Each structure stands twice: as structure tokens, then as C-alpha cells.
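Tertiary structure, described
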Amino acid sequence: MLFDTRPKVAVHVAQTGETFPCAHDESLLKGMLRLGRKGIPVGCVNGGCGVCKVHIVEGQVKSLGPVSRAHVTAEEEAAGFTLACRVAPVTAVRLEVTGKFEKPFRKGFASAANA
């Protein structure tokens, strides 16, 4: 696609402070990858690995498919946790990375900020 004219909303990754535009019909993860950005860890990109687990702190998302209960329990989903590869933004979104790489990611970010 040469020119992507789809309407987009802002997606903000709390840990990195980065914001990127994401279309209403693409997953949060694909929106980030389309721009070559980093922030949300990338795994299988289809909901099976749980690497891209995030907490939606602000905004609304819609499901693009089922989320594996092995990675996100029904209780977690009700509290705003989901997989970034399985949801698309409805409104502007602010999220926090909470998946398998969250702890080392935060440590690295914190030490980089203190350097």
C-alpha cells in the first residue's frame, strides 16, 4: 500500500513514551510494526505466545479474534489486559507492556533513563 489513508488514532506506550498512529482495523501490534517502531514485544503475531500482553490504561479497543486463556484470564481481560496482536483501537489508547518481557524491558528503560 503506497499511501495509507485509513483514519487512525494515537497509541501511546507508557514505558517508552512513544506514540504511533494505528488504524481502526489493524491490531495495535501491526500498527507499531508497520512503522518500524519498537515498544511492544513481538512474538508470533497471532495470539498464541502471549509475548505482546499489554494493559489498556486509557481508551477503548475491539477484539480482532479470541485471546488465549493460557495468556490472558477472563479476570485479566475484564481488568483491561489483552494481547496487542488481537485488538484494534476504537479510540486513542494508552497502554503498558505487561507480557513476558516486561521486567527486563522496564529495567533496561530505567537504566537508560538514568544514564
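Predicted, not measured: the structure shown is a model, and the values here were computed from it.

Quick look at the overall build of the protein now. Summing up its helical and strand segments, the protein has three helices and seven strands in all. The order of helices and strands in the protein, counted from the N terminus, is β-β-α-β-β-α-β-β-β-α. Taking all contacts inside the protein whose residues are at least 6 apart in sequence as the whole, residues at least 24 apart take part in 61%. For the protein, the accessible surface area stands at approximately 6,300 Å², while carbon and sulfur atoms represent 58% of it.

Formed by 20 residues in total, the largest nonpolar core has its most connected members in Phe20, Leu28, Leu29, Ile40, Cys52, Ala84 and Leu95. Elements supplying a minimum of two residues to this core: strand 1 (8-13), strand 2 (18-23), helix 1 (28-34), strand 3 (53-58) and strand 7 (93-97). Leave out the neighbours within four places in its chain, and Ala84 touches Ser27, Leu28, Leu29, Ile40, Cys52 and Val54.

As a further point, take the sheet that holds strand 3. Here five strands make up an open sheet; going across it, the order is 2-1-7-3-5 and the pairing mixed. The sheet is open, and its two edges are formed by strand 2 and strand 5 (81-83), each paired on a single side. Each strand axis lies, on average, 40° off the axis of its neighbour in the sheet, ignoring direction. Across three bridges, strand 1 lies against strand 7 in parallel orientation. What sits directly across from His12, in strand 7, is Arg94.

With three bridges joining them, strand 3 and strand 5 adopt antiparallel strand pairing. Among the inter-strand pairings, Lys53 is bridged to a residue of strand 5, identified as Leu83. Of the strand pairs in this sheet, strand 3 and strand 7 are connected by four bridges, and their pairing is antiparallel. Each bridged residue has a counterpart across the sheet, and for Ile56 the counterpart in strand 7 is Leu95.

A word on the confidence of the model for the protein. Predicted coordinates in areas of low pLDDT are best not read in detail. Across the protein, pLDDT averages 84, with 83% of residues at or above 70. Within the protein, the element-level pLDDT minimum falls on helix 3 (residues 102-114), averaging 42, and the maximum on strand 6 (residues 87-89), averaging 97. Here residues 102-115 is a poorly scored stretch, pLDDT under 50, and it has nine contacts once near neighbours within four places are set aside; other chains count.

Conventions adopted
- Residues numbered from 1 in each chain as written.
- Predicted model: local features only at pLDDT ≥ 70, side-chain atom pairs only at ≥ 80, totals over all residues.
- Heavy atoms only, no water.
- Helix = DSSP H or I, 4+ residues; strand = E, 2+ residues; numbered from the N terminus.
- Contact = heavy atoms within 4.5 Å.
- Areas by Shrake-Rupley, 256 points an atom, 1.4 Å probe, with all protein chains shown as cover.
- Core = buried A, V, L, I, M, F, W, Y, C linked by side-chain atoms within 4.5 Å.
- Buried < 20%, exposed > 50% of the residue type's maximum accessible area, 1.4 Å probe, protein only.
- Pairing = 2+ DSSP bridges.
- Axes fitted to C-alpha atoms, helices over the stretch in contact; angles between N-to-C directions.
- pLDDT = per-residue confidence, 0-100.

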